[in-house]
Amino acid sequence: MTKDWVRWHRDYETPGSSLARRLTVVQDYLGRALGEGPLISLCAGDGRDVLPELARRRSVRAVLVELDPELSRRARTTAAELGLTGVDVRTADAGDATNYRDAAPAQVVMACGVFGNISETDVRRTVAALPSLLEPGGIVIWTRGRGDSGADPSDAVRGLFAENGFEEMAFARPADARFRVGMHRLVTEPGPPVAGRLFAFRAPQPPPGRGGRVAR
Ligand SMILES: C[S@@+](CC[C@H](N)C(=O)[O-])C[C@H]1O[C@@H](n2cnc3c(N)ncnc32)[C@H](O)[C@@H]1O
């Protein structure tokens, strides 16, 4: 079973939804972070978080990596409508860095909607690999959702960034929403070229009561 990510994107259209609010924060952070580029967006969806900002800075090159053919088609269409000739949308697996390693070193890497969908081991491996995708002083913008109870998983993600040579530039934790958005700057040397698989999305869990496990 795979998740319907096209459907997931529909929540962006509901004013005031958590996803719409998250988008505002992500776009604000990107407006502050982005300089001359380049930018890499992992699991880019339809690209709505980055394409408007890229349109304001037409010279910035960007690689958006999105596995879903419909979402990557939408991102490609929007980029073309905005006249963004420096944007390369790849319908590809972002868990395999060989699909975008040529775009490194990036000034900004986007990892939004990724960490909540992969295992803790994969989060650890991915954050550890991010320095190898960045130029010195490069910036990562990331998101993480939380459940109703227990520890907030975004704190573990922030800890991983600290362990891997990043300093926190901004972190949003609205009291009335489950989304978190972080922005971290690399303050150590970029790492050696990334090798091997970084992550794979977990299969979605069936809803409770259908004979399956309780949804995460
Ligand atoms: C939670 S959505 C986030 C989309 C976008 N980054 C955003 O925040 O609006 C996760 C996205 O990751 C994509 N995806 C899942 N596995 C992927 C993979 N291995 N490589 C690239 N994209 C993937 C899905 O198709 C989906 O569009």
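Residues numbered from 1 in each chain as written. Predicted model: local features only at pLDDT ≥ 70, side-chain atom pairs only at ≥ 80, totals over all residues. Heavy atoms only, no water.

## Describing the overall build of the chain
So, step 1. Of regular secondary structure, the chain possesses six helices and seven strands.
So, step 2. Of the regular secondary structure in the chain, the N- to C-terminal order runs α-α-β-α-β-α-β-β-α-β-α-β-β.
So, step 3. A compact globule built from 216 residues would reach a C-alpha radius of gyration of about 17 Å, and the chain, at 17 Å, matches this within 12%.
So, step 4. Along the first, second and third principal axes, the C-alpha atoms of the chain reach 50 × 40 × 35 Å. (Helix = DSSP H or I, 4+ residues; strand = E, 2+ residues; numbered from the N terminus. Rg over C-alpha atoms; globule rule 2.2 N^0.38 Å.)

## Quick notes on the UniProt feature "domain: Methyltransferase" (unreviewed entry) in the chain
So, step 1. Within this numbering scheme, the UniProt entry marks residues 42–138 as carrying the feature "domain: Methyltransferase" (unreviewed entry).
So, step 2. Span residues 42–138 is 30% helix and 23% strand, its end C-alpha atoms 15 Å apart. (UniProt positions renumbered as here; feature names shortened; annotations may be inferred.)

## Section: helix H6 (residues 153–163)
So, step 1. Buried residues of H6: Ser 154, Val 157, Leu 160 and Phe 161, and no others. Each buried residue of H6 lies within a common arc of 110 degrees when the element is viewed along its axis, so the set occupies one face. More than 90 degrees from the buried face of H6, the exposed residues found are Ala 156, Ala 162 and Glu 163.
So, step 2. Summarising the contacts, the buried residues of H6 are in contact with helix H5 (120–129), strand E5 (134–145), strand E6 (166–172) and strand E7 (179–186). (Buried < 20%, exposed > 50% of the residue type's maximum accessible area, 1.4 Å probe, protein only. Arc of directions from axis to C-beta. Contact = heavy atoms within 4.5 Å.)

## Here we look at the sheet that holds strand E3 (residues 87–91)
So, step 1. Pairing in this open sheet of seven strands is mixed, and the strands run E3-E2-E1-E4-E5-E7-E6 from one edge to the other. Two strands close off the open sheet at either side, each with one partner strand: E3 and E6. Sheet twist, expressed as the average angle between the axes of neighbouring strands with direction ignored, equals 15 degrees.
So, step 2. As defined by bridge partners, strand E4 (residues 106–111) adjoins E5 across five bridges and the pair is classed as parallel. Pairing of Ala 106 across the sheet is with Leu 134, part of E5.
So, step 3. Contacts from helix H2 (residues 18–33) reach strand E1 (39–42), E4, E5, E6 and E7 within the one sheet, and its direction differs from that of E7 by about 15 degrees.
So, step 4. Packing against the sheet, helix H4 (residues 69–81) makes contact with strand E2 (62–66) and E3, and its axis sits at approximately 170 degrees to E3. (Pairing = 2+ DSSP bridges. Axes fitted to C-alpha atoms, helices over the stretch in contact; angles between N-to-C directions.)

## Describing H2
So, step 1. Taking 1.5 Å per residue as the helical rise, H2 with its 16 residues ought to reach 22 Å, and the 22 Å between its terminal C-alpha atoms agrees with that figure.
So, step 2. Listed as buried for H2 are Leu 19, Ala 20, Arg 22, Leu 23, Val 25, Val 26, Tyr 29, Leu 30 and Ala 33. (Expected span 1.5 Å × (residues − 1).)

## With respect to the site of the ligand
So, step 1. The ligand sits among 19 residues. The nearest are Tyr 12, Arg 22, Cys 43, Glu 66 and Ala 94.
So, step 2. Taking Tyr 12, its side chain carries an N or O atom lying 2.5 Å from an oxygen atom of the ligand.
So, step 3. With the chains in place, 96% of the 590 Å² that the ligand exposes on its own is no longer accessible.
So, step 4. When the residues that make up the shell around the ligand are grouped by side-chain class, the tally is eleven nonpolar, four polar and four charged. (Near = heavy atom within 4 Å. Polar contact = N/O pair within 3.5 Å; in protein donor to acceptor, adjacent residues only side chain to side chain. Areas by Shrake-Rupley, 256 points an atom, 1.4 Å probe, with all protein chains shown as cover. Nonpolar A, V, L, I, M, F, W, Y, C, P; charged D, E, K, R; others polar.)

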